[in-house]
Amino acid sequence: MLSIVKRMINFSGKYGGRLKWAIFLSILESFTINVPILCILYGLIKINNNELVKKDIFVVAIGIVISVILRALFRRLVDGLQSGTGYNIFADERMKIGDYLRNLPMGYFTEGNIGYVSAVLSSDINFIEEHGMNTLSKIVSSSIGVIISSIMITILDYRIGIVVILTTIISFIISNILLKVSSESSVQKQEVQSRLISAVIEYVKGIPVIKAFNLEGEKSKATHRSFKETRDILIKFEKVVIAPFIAMDTFIAIGTGVVIFLSSYFVINETMELPTAFMIMIFIYQIFLPFRIIGGQLPLGRIMMAGLDRYERLMEEEVLQENNKKVQFKNFDIEFQNVSFAYEKEEVLKDISFKAEEKSMTALVGSSGCGKTTVVNLIARFWDIDNGAIKIGGVDIKEIGMENLLKNISMVFQRVYLFNDTVLNNIKFAKPEATMEEVIEVCKKARCHDFIMELENGYNTVVGEAGSTLSGGEKQRISIARAMLKNAPIILLDEATASVDPDNERYIQEAINELVKNKTLIVIAHRLSTIKNAGKILVIDKGQVIEEGKHSELINKKGNYYEFWQRRMESRSWKISS
Ligand SMILES: Nc1ncnc2c1ncn2[C@@H]1O[C@H](COP(=O)(O)OP(=O)(O)OP(=O)(O)O)[C@@H](O)[C@H]1O
C-alpha cells in the first residue's frame, strides 16, 4: 500500500509537493474524525463516575464543534490540492510521451506496438488520471483511520487491541496475496486490449482489400475472435479483482463479531467497564468502515500500478540518441560513407557509399525491394545505421539533433497523409506562422490553388480522414505545397508510381519542378523523364550501388542501367500499343 503512495508521488513530478500536502492534511482529517468519539468517551466516563458538571458538557460540545469544523476545513483543503492535479500531471505526461514517441525509431511502430502504445495512452493513463487522486486520498485517510482506531482500542483494552491488530494484519496479508493474482490478471487484460486495438486497426485499414477480395467473413471472424477473447479476459479480471475485496470484508466482519462478543463477555464477568465496551463498539466501526473503503480501493490501486508499469516500460524503449550541438552547415551535400543497415538480421544496405551534390537532383533507381526507400528514410534518421556514417554538409547526422535535422528536410511521400482538418491547416502544418498570402503563393506554384478554390469552402474545406475526399493527384500536389512552404534545403521525394491522368501528371511534374529549385533533391524515381533529367543516377541492386553517373554516361556503358532503361522503354511502348 505504501508502495502505491510512493510511486504516485514519484510519478507526480513537480506536482509531488501538492500531493504530499494533500496526504498530510488527509492524516490531520483522520485525527479530527476521532475527536468527537474521544469527547463522548470523556463525557461517558464522567457520567459513569458521577462526576459530570456543566463545564464538562461545555468542553465536550466545544470539542465536537471544533473537530467538525476542522474536519470540514481539512477536507476542503485536500480537495483543493487534489482537484485538477491528476489532469495536470497527465497533461504534462502526455506532452512528454509525444516528444518521446517522436524520438523513437520508426521500427518501433510495428502494428503490435501501435496497439500497445494506444492501450497505454487511452486506457492506462486515462484510468490513473480518473482514479489516481481519489484512490490515493481514500487509501491514505482510511489507513490512518484504521491505525488511530486500533491504537485507541488497544489503549482502552489491550486484550481487544490484540484481536483487532491480529485481524487487521491477517486481512492485509490475505488481500495482498489475492491482489498479486489480480495484478497478473491486469497484465493479461492489457495484452488482450493491445491485441484488440491492433486487430481493429488492421481490420479498418484493410477494408478496401477485404471488400475487393470478398473476404469479409474470414477477416471479421478474426476480429470477432479478438472481441470474444477480450470479453472472456475482462470477465475473469472482474472476478479476480473482486475476490480480495470479499476476502477482506469477510475477515473484518468475523473480527468485528469476535470483538463485540468478547467486549460483552468482559463486561459480564466484570473485567471491563460498560462505557469502555461502548467506546470499543464505536471504534470498531471506525475500523470496519475505512477497511471496507481500503478493500474497495486497493484493487484500483493495483490496476493503477500495473498501468504505471506498462507506461514505464514504454518510456524505457531506446530512443534515437540526440546530440544537440549547435551545427552550422557548410553546404547541403548528402554523403553516405560505407553505410550498412539491417531492419532485423539480414542486411538491407551493404557498405554503400555515394555523394548527392547540393542543389542537384540525385535519382535512385533499381528493382523493387533493392533498398531505395531505406536510403531515403535513413537520411531523415527514421532508423539509426549499424555501420558507417551519413553526413550532411560534412556533419554526421547523429551530431545534428533531430529537430535541426528535420528542420532542413522536406519529405514528399508516395502515400500522402492529410489530417482530418481544413486544406489550409494541412498546408500550414509545415509552417504554422505562415500568412494566407504565403500559402496561396506556394499553392499556385504547386498547381493546387485552382482546384482548392473550386472546393465547397475553398481553403477552409475539411479534407476528411486521411484526405479521403481528394484524388491521389490532388493530395500529392497539396503535399508538395506543404513541402514548399517549409522551404527546407533538402528534399526527399518518393515519386508516385500509381498512374494519374495526364493532366494531373503534368501538374505534379510542374509542381515538383518548382519545389526543387536550388535544393538538394534525392528522388526515388519512377518516371523516365525524371530519371533522364537527374544530375546523378544511382543504380541500386540488393542494397549496393552498382552503377553511378549521368543518363548518357550510363547508357554508353551498356551495363545494368542500360538494360534497365531498355526494359522500361519496352514496357512503355507495350503500354502505349496495347
Ligand atoms: N520496416 C521494415 N522492416 C523490415 N524489413 C523491411 C522494412 N522495410 C523494408 N524492409 C525490407 O528491406 C528491403 C528494402 O526495402 P525498401 O523499401 O527500401 O526497397 P525499395 O527499393 O524502396 O522497394 P520498392 O521500390 O518496392 O518500394 C526489402 O527486402 C524490404 O522487405
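Structure: see above.
Quick caveat, the model's predicted, so the values are computed rather than measured.

**Concerning the overall build of the protein**
Next up, step 1: Regarding its fold elements, the protein presents 19 helices and 10 strands.
Next up, step 2: The C-alpha atoms of the protein give 35 Å as radius of gyration, which overshoots the globular expectation for 578 residues (25 Å, by more than 25%).
Next up, step 3: For the C-alpha atoms alone, the extent of the protein along its principal axes is close to 120 × 50 × 50 Å.
Next up, step 4: Counting only residues that meet the buried cut, the protein has 46% of its 578 residues in that class.
Next up, step 5: For the protein, long-range pairs separated by at least 24 residues make up 78% of all intrachain contacts whose partners lie at least 6 apart in sequence.
Next up, step 6: Of the roughly 30200 Å² of accessible surface on the protein, a fraction of 59% belongs to carbon and sulfur atoms.
Next up, step 7: Within the protein, the 65 negative side-chain charges are centred at a point lying 1 Å from the centre of the 68 positive side-chain charges.

**Examining the site of the ligand**
Next up, step 1: Taken together, Tyr-343, Val-348, Ser-367, Ser-368, Gly-369, Cys-370, Gly-371, Lys-372, Thr-373 and Thr-374 form the complete shell of residues around the ligand.
Next up, step 2: Between the ligand and Gly-369 there is a distance of 2.8 Å, counted from an oxygen atom to a backbone nitrogen or oxygen.
Next up, step 3: A total of 630 Å² of accessible area belongs to the ligand in isolation, and the protein chains cover 57% of it.
Next up, step 4: Its residues assigned to classes, the shell around the ligand shows three nonpolar, six polar and one charged.

**Digging into the sheet that holds strand β1 (residues 334-342)**
Next up, step 1: The sheet built from four strands is open, its strands ordered β2-β1-β4-β5 with antiparallel pairing. What marks the edges here is a single partner per strand, and that holds for β2 (347-356) and β5 (395-396).
Next up, step 2: The pairing of β1 with strand β4 (residues 387-392) spans five bridges and is classified as antiparallel. Paired with Ser-340 across the strands is Asn-387, a residue of β4.
Next up, step 3: Relative to β1, helix α10 (residues 372-379) is tilted by about 115°, and along the sheet it contacts β1, β2 and β4.

**Notes on a nonpolar patch on the surface**
Next up, step 1: Taken together, the side chains of Phe-58, Ile-62, Ile-66, Leu-70, Leu-73 and Leu-77 present a nonpolar region at the surface, about 530 Å² in accessible area.
Next up, step 2: Residue placement: Leu-73 occurs in helix α3 (residues 54-82).
Next up, step 3: Given the relative accessible area of 45%, Leu-73 is considered partly exposed.

**Observations concerning the environment of Ile-252**
Next up, step 1: Mapping Ile-252 onto the fold places it in helix α8 (residues 216-268).
Next up, step 2: The class of Ile-252 is buried, set by a relative accessible area of 6%.
Next up, step 3: Leave out the neighbours within four places in its chain, and Ile-252 touches Thr-167, Ser-171, Phe-288 and Phe-291.

**Examining helix α13 (residues 436-445)**
Next up, step 1: Those residues of α13 that fall on the buried side of the exposure criterion are Val-439, Val-442 and Cys-443. Buried residues of α13, viewed axially, fall in a sector of 100°; they line one side.
Next up, step 2: At the exit of α13 stands Arg-447, carrying a positive phi of roughly 55°.

**A look at the packing of α13 against helix α15 (residues 472-486)**
Next up, step 1: It is at 9 Å that the axes of α13 and α15 come closest, and there the two elements cross at 125°. Put simply, α13 runs oblique to α15. The handedness of the crossing between α13 and α15 comes out as right-handed. Each of Glu-438, Val-439, Val-442, Cys-443 and Lys-445 in α13 lies in contact with α15, whose residues at this interface are Ala-481, Met-484 and Leu-485.
Next up, step 2: Here the residues of the contact of α13 with α15 are counted per class, giving six nonpolar, no polar and two charged.

**A word on the environment of Lys-96**
Next up, step 1: Structurally, Lys-96 can be placed in helix α4 (residues 85-102).
Next up, step 2: For Lys-96 and Asp-396, which are 300 residues apart along the polypeptide, the C-alpha to C-alpha distance reads 27 Å.
Next up, step 3: Setting aside anything within four residues of it in sequence, one finds Lys-96 in contact with Tyr-311 and Met-315.

**Here we look at the nonpolar core**
Next up, step 1: Core analysis: the largest hydrophobic core is formed by 59 residues, its most contacted members being Met-8 and Ile-160.
Next up, step 2: Elements supplying a minimum of two residues to this core: α1 (2-11), α2 (16-48), α4, α5 (111-156), α6 (158-205), α8 and α9 (274-315).
Next up, step 3: A per-element tally of this core places α9 first, with 16 residues.
Next up, step 4: Every residue in contact with Ile-160, bar those within four places of it in the chain, is listed here: Ile-153, Val-259, Leu-262, Ser-263, Phe-266, Met-272 and Ile-280.
Next up, step 5: Listed in part, the 46 residues of the second largest apolar core include Val-463, Ile-480, Ile-537 and Trp-565.

**Observations concerning the pairing of strand β8 (residues 520-524)**
Next up, step 1: Burial runs high along β8: five of the five residues are buried.
Next up, step 2: Burial along β8 is two-sided: Thr-520, Ile-522 and Ile-524 facing one way and Leu-521 and Val-523 facing the other are all buried.
Next up, step 3: Relative to β8, strand β3 (residues 361-365) runs parallel, the two being bridged by four bridges. Opposite Thr-362, over in β8, you have Ile-522 as the bridge partner.
Next up, step 4: The pairing of strand β7 (residues 490-494) with β8 spans five bridges and is classified as parallel. Residue pairing across strands places Ile-491 opposite Leu-521, the latter belonging to β8.

Cut-off values and rules
Residues numbered from 1 in each chain as written. Predicted model: local features only at pLDDT ≥ 70, side-chain atom pairs only at ≥ 80, totals over all residues. Heavy atoms only, no water. Helix = DSSP H or I, 4+ residues; strand = E, 2+ residues; numbered from the N terminus. Rg over C-alpha atoms; globule rule 2.2 N^0.38 Å. Buried < 20%, exposed > 50% of the residue type's maximum accessible area, 1.4 Å probe, protein only. Contact = heavy atoms within 4.5 Å. Areas by Shrake-Rupley, 256 points an atom, 1.4 Å probe, with all protein chains shown as cover. Lys, Arg positive; Asp, Glu negative; His and termini not counted. Charge placed at Lys NZ, Arg CZ, Asp CG, Glu CD. Near = heavy atom within 4 Å. Polar contact = N/O pair within 3.5 Å; in protein donor to acceptor, adjacent residues only side chain to side chain. Nonpolar A, V, L, I, M, F, W, Y, C, P; charged D, E, K, R; others polar. Pairing = 2+ DSSP bridges. Axes fitted to C-alpha atoms, helices over the stretch in contact; angles between N-to-C directions. Patch = residues over 30% accessible without salt bridge, like charges linked within 9 Å, V, L, I, M, F, W, Y side chains within 5 Å. Salt bridge = Lys/Arg side-chain N within 4 Å of Asp/Glu carboxyl O. Arc of directions from axis to C-beta. Parallel < 35°, antiparallel > 145°, perpendicular 65-115°, else oblique. Left-handed = near helix turned anticlockwise from the far one by under 90°. Core = buried A, V, L, I, M, F, W, Y, C linked by side-chain atoms within 4.5 Å.

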